[in-house]
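Each chain is listed here by its residues.
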Amino acid sequence: MKYRSTLRRSPEVSLREAVIRGSAPDGGLYLPVEMPHLKNDFLERLPSLAFPEIALEVGALFAGEEIPPQVLEKISTGAFNFPVPLVALGERLHILELFHGPTLAFKDFGARYMARLMEYFVQETGHELTVIVATSGDTGSAVAHAFLGVSGIRVVILYPAGRVSSAQEKQLTTLGQNITALEVAGSFDDCQRMAKQALVDPAINEKLTLTSANSINIARLIPQSFYYFAAVAQLGVSKSLPVFSVPSGNFGNLTGGLLAKRIGLGVGQFIAATNANDVVPEFLRSGNLIPRASRHTLSNAMDVGNPSNFARIVDLYDNDLQAIRKDIWGCSFSDEETLRVMHDVKERHGYVLDPHTAVGVLGWKSFAKQNQNATQGIVLATAHPAKFAEVVSRATGLHPEMPERLAAFLDRPKKSIPFSNQFSELQEFLLR
Ligand SMILES: *Cc1c(COP(=O)(O)O)cnc(C)c1O
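Predicted model, so just to flag it, every value in this text is computed and none were measured. (Residues numbered from 1 in each chain as written. Predicted model: local features only at pLDDT ≥ 70, side-chain atom pairs only at ≥ 80, totals over all residues. Heavy atoms only, no water.)

*Asks:* Help me out: how do you make sense of the overall build of the chain in this one?
*Replies:* Helices and strands together make up the secondary structure of the chain, namely 20 helices and 14 strands. For 432 residues, the compact-globule formula gives about 22 Å, and the C-alpha radius of gyration of the chain, at 20 Å, lands near that figure. Each principal axis of the C-alpha distribution contributes one length, and for the chain these read about 60 × 50 × 45 Å. Taken over 432 residues, the chain has a buried fraction of 60%. Across the chain, the fraction of contacts at a sequence separation of at least 24, relative to all contacts at a separation of at least 6, is 75%. Only carbon and sulfur atoms are counted for the fraction: they give 49% of the accessible area of the chain, which is about 16,700 Å². (Helix = DSSP H or I, 4+ residues; strand = E, 2+ residues; numbered from the N terminus. Rg over C-alpha atoms; globule rule 2.2 N^0.38 Å. Buried < 20%, exposed > 50% of the residue type's maximum accessible area, 1.4 Å probe, protein only. Contact = heavy atoms within 4.5 Å. Areas by Shrake-Rupley, 256 points an atom, 1.4 Å probe, with all protein chains shown as cover.)

Pasting the structure below:
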């Protein structure tokens with residue numbers, strides 16, 4: 001399986017090289033040179049497949065000959081050892097709960113798959129690897145947990161001081177071992193800029209094999225296509241194609257859905273639902289992407305002003321705005337609307353949403369109002385409500401019960417290194 005850069009100014013590479021590099025030398029992002037396609041009978045068999053089986057078959061398409069089937073099977077069963085239930089809320093709306101992994105957010109899917117792929121590749125080559133990741137909260141904890149104790153790999157996490165929830169911070173900073181957390185005096189965009197700069201810095205790359213664990217890594221994107229199939233497997237036969245509403249920040253989650261569609265899944269529409277950080281809905285309206293500084297909202301894991309996967313989206317559609325609009329419908333919502341829908345859904349259905357999933361529900365509601373023939377809405381639930389307990393209790397008056405695996409972290413001491421938002425400090429740290 002060959003991968004190419006979205007900028008097309010770098011050589012084509014193997015999956016291994018795409019995963020280890022993170023992004024292409026020309027600054028582009030990797031995509032398959034030729035999109036694979038599912039076997040004809042896959043969709044017929046889909047309802048009878050368990051999640052790891054879906055992961056194995058879909059993952060094999062993207063791996064090609066590079067990974068022996070028994071290795072890929074071990075990766076799939078090891079990474080996805082938790083349930084992925086589809087919950088009905090009323091007749092037209094379903095919630096796909098992607099928060100049953102160890103860090104209670106959908107990023108466990110990408111991080112756990114990527115960690116196992118990288119472990120396999122590193123064992124093959126024997127080179128030590130440094131994984132660098134910028135996080136607005138959930139990526140860092142998912143990555144840290146996925147890589148904890150993996151030999152031959154060191155993880156460096158950059159997160160914005162004071163902009164992640166206390167539970168998120170504990171999950172990032174209490175692990176130790178091969179995981180180091182840098183607490184950056186700045187925004188998520190600062191963290192992302194520093195990480196990106198490190199990845200292309202000649203001095204650092206001379207000394208270390210550095211790679212990215214952000215949603216730009218193709219190893220995170222591939223597994224984010226698996227659960228779109230799992231949703232359809234559970235939905236059963238329906239008259240209309242499913243509409244996926246995806247609460248979005250860097251658009252890795254939604255791009256995973258675009259891959260699923262490209263390799264053969266029938267999808268009616270994707271809804272790109274954002275908070276006030278609405279550069280993509282704005283692009284869908286105007287045709288211009290105008291990045292800007294991120295704004296702080298209640299759904300903080302989506303506070304992204306320059307979405308990193310945007311380059312992949314336009315590439316997948318050959319820059320054809322009309323074609324993009326045909327598949328992706330954009331909308332954005334305020335914190336007030338988010339709190340209100342959390343309250344209303346709790347009252348009407350007895351179901352508690354976290355603020356990110358709430359943005360997805362708002363997206364579906366808004367779309368469904370204008371499209372009465374859309375009968376199968378699937379909102380991707382990206383985080384467990386207990387992860388955002390303060391917002392949940394503000395919206396609903398309820399204190400969501402904290403799952404054991406989250407509670408375990410809250411008593412541990414925070415171990416992070418205070419950092420400025422200057423790249424030179426990161427460079428010095430990595431070269432030390
Ligand atoms: C990361 C994250 C998102 C946004 O996902 P993208 O792939 O960056 O669009 C949404 N919700 C939660 C809870 C997240 O952690």
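Now that the structure is up, let's keep going.
*Asks:* Got a minute to help me understand the sheet that holds strand β12 (residues 328-332) in this structure?
*Replies:* The pairing of strands in a sheet happens through backbone hydrogen bonds and is either parallel or antiparallel. Strand order in this open sheet of six strands is β4-β5-β13-β10-β11-β12, and the pairing throughout is mixed. Edge positions in the open sheet fall to β4 (86-89) and β12, since each of these has one partner strand only. Geometrically, the sheet is characterised by an average inter-axis angle of 25° between neighbouring strands, direction not taken into account. When β4 meets strand β5 (residues 93-97), the two strands line up antiparallel, connected through four bridges. Residue pairing in the sheet places Leu89 in a bridge with Leu93 of β5. (Pairing = 2+ DSSP bridges. Axes fitted to C-alpha atoms, helices over the stretch in contact; angles between N-to-C directions.)

*Asks:* Even after reading the chapter, I still don't get the site of the ligand, so can you show me in this structure?
*Replies:* Lining the immediate environment of the ligand, one finds 15 residues, of which Lys107, Asp138, Gly249, Asn250 and Thr382 sit closest. Measuring from an oxygen atom of the ligand, one finds a backbone N or O atom of Gly252 at 3.0 Å. When isolated, the ligand has an accessible area of 380 Å², and the protein chains bury 97% of it. A per-class count over the shell around the ligand returns six nonpolar, seven polar and two charged. (Near = heavy atom within 4 Å. Polar contact = N/O pair within 3.5 Å; in protein donor to acceptor, adjacent residues only side chain to side chain. Nonpolar A, V, L, I, M, F, W, Y, C, P; charged D, E, K, R; others polar.)

*Asks:* Would you mind showing me how to read the packing of aromatic side chains here?
*Replies:* Working definition: an aromatic ring pair is given by the centre-to-centre distance plus the angle between the planes. The tally for this structure, following the rule as stated, stands at 18 aromatic pairs. When the ring of Phe80 is compared with that of Tyr113, the centres are 5.9 Å apart and the planes differ by 20°; the resulting orientation is stacked. Taken together, the residues span a long stretch of sequence, with Phe80 in the loop between α4 (69-79) and β4 and Tyr113 in helix α5 (residues 107-125) at a distance of 33 residues. Taken individually, Phe80 and Tyr113 each receive the classification buried, so the pair is uniform in this respect. Arranged with centres 4.8 Å apart and planes meeting at 70°, the rings of Tyr228 and Phe244 form a pair that is edge-to-face. Pair noted here: Tyr228 is in helix α11 (residues 226-235) and Phe244 is in strand β10 (residues 243-247), with a separation of 16 residues, a long-range link. Accessibility assignment for this pair places Tyr228 and Phe244 in one class, buried. Taken together, the aromatic side chains of Phe51, Phe80, Phe82, Phe109, Tyr113, Phe226, Tyr227, Tyr228, Phe244 and Phe270 make up a single cluster linked through ring pairs. Over the ring of Tyr317 we find Arg262; its NZ or CZ atom is 5.1 Å from the centre of that ring. (Phe/Tyr/Trp six-rings, centres within 6.5 Å; stacked < 30°, edge-to-face > 60°. Lys NZ or Arg CZ within 6 Å of the ring centre and 35° of its normal.)

*Asks:* How should I be thinking about the environment of Glu401 in this particular structure?
*Replies:* Along the chain, Glu401 falls in the loop between α18 (389-396) and α19 (404-410). Under the relative-accessibility criterion, Glu401 is labelled exposed at 72%. As for Glu401 and Pro385, which are separated by 16 residues in sequence, their C-alpha atoms are 8.7 Å apart. Setting aside its immediate chain neighbours within four residues, Glu401 contacts His384 and Ala386.

*Asks:* Please clarify how the pattern of salt bridges should be interpreted in this entry.
*Replies:* Pairs can form between side chains of opposite charge once their charged atoms are near each other. All chains considered together, the criterion is met by twelve salt bridges. A salt bridge links Arg16 to Glu124; the shortest N-O distance between them is 3.2 Å. With Arg16 in helix α1 (residues 15-21) and Glu124 in helix α5, this pair connects stretches of sequence that are 108 residues apart. For Arg285, the salt bridge is made with Glu282, and the minimal N-O distance between the two is 2.9 Å. Residue Arg285 and its partner Glu282 are located together in helix α13 (residues 279-286), separated by three residues, close to a single helical turn. Salt bridges sharing common partners tie together Arg4, Arg8 and Asp315. (Salt bridge = Lys/Arg side-chain N within 4 Å of Asp/Glu carboxyl O.)

*Asks:* Which parts of the structure should I look at to understand the environment of Met342?
*Replies:* Of note, Met342 is situated in helix α16 (residues 335-349). Dropping the residues within four chain positions of it, Met342 is found in contact with Leu353, Asp354, Pro355, Ala358, Val391, Val392, Ala395 and Thr396.

*Asks:* In this structure, what is going on with the nonpolar core? I would like to understand it.
*Replies:* As a rule of thumb, soluble globular proteins bury nonpolar side chains together. Core analysis: the biggest nonpolar cluster contains 97 residues, and Phe147, Tyr227 and Phe229 have the highest contact counts within it. Looking at this core, the element that brings in the most residues is α5, giving ten residues. Other than its neighbours up to four places away in sequence, Tyr227 contacts Phe51, Val84, Leu96, Leu98, Phe106, Phe109, Asn253 and Leu380. Counting 32 residues, the second-largest nonpolar core is a separate cluster that includes Leu89, Val243, Phe333 and Leu339. (Core = buried A, V, L, I, M, F, W, Y, C linked by side-chain atoms within 4.5 Å.)

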